[in-house]
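Observations on the three-dimensional arrangement
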Amino acid sequence: MEKEVWDLRSNVFESTLSIDDIVNAIYVFERLKFKYPNDDNITFSIELLRDEICKMFGGTIYNK
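Summary of the structure given here. (Residues numbered from 1 in each chain as written. Predicted model: local features only at pLDDT ≥ 70, side-chain atom pairs only at ≥ 80, totals over all residues. Heavy atoms only, no water.)

One can describe the packing of helix 2 (residues 19-35) onto helix 3 (residues 40-56) by two numbers: an axis separation of 9 Å at closest approach and a directional angle of 160 degrees. Classed by the angle they form, the pair helix 2 and helix 3 counts as roughly antiparallel. With respect to the hand of their crossing, helix 2 and helix 3 are arranged in left-handed fashion. Two secondary-structure elements touch here, helix 2 through Ile19, Ile22, Val23, Ala25, Ile26, Phe29, Glu30, Leu32 and Lys33 and helix 3 through Ile42, Thr43, Ser45, Ile46, Leu49, Arg50, Glu52, Ile53 and Met56. (Axes fitted to C-alpha atoms, helices over the stretch in contact; angles between N-to-C directions. Helix = DSSP H or I, 4+ residues; strand = E, 2+ residues; numbered from the N terminus. Parallel < 35°, antiparallel > 145°, perpendicular 65-115°, else oblique. Left-handed = near helix turned anticlockwise from the far one by under 90°. Contact = heavy atoms within 4.5 Å.)

Let us now look at the pattern of salt bridges. Under the defined criterion, the tally for this structure stands at two salt bridges. Of the charged contacts in the structure, one is a salt bridge between Arg50 and Glu30, with a shortest N-O distance of 2.9 Å. Of the two residues, Arg50 sits in helix 3 while Glu30 sits in helix 2, which places them 20 residues apart along the sequence. Taking relative accessible area as the criterion, Arg50 reaches 41% and is therefore assigned partly exposed. Between Lys55 and Asp51 there is a salt bridge whose closest N-O contact spans 3.4 Å. (Salt bridge = Lys/Arg side-chain N within 4 Å of Asp/Glu carboxyl O. Buried < 20%, exposed > 50% of the residue type's maximum accessible area, 1.4 Å probe, protein only.)

Listed below in structure tokens is the structure:
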């Protein structure tokens, strides 16, 4: 029996993100924002993830 080869590139970086994956990431960042309310990186990450969900439906959170 052949052992399946796992690698970070094909199993994580090149895999398609689902809406559930992104929403779960937003939950994590929201918790971090509560702990670090002045961290702009967390705020930007949440915004980026929300825009990614909008793009999945053909929209964006930004004005064009």
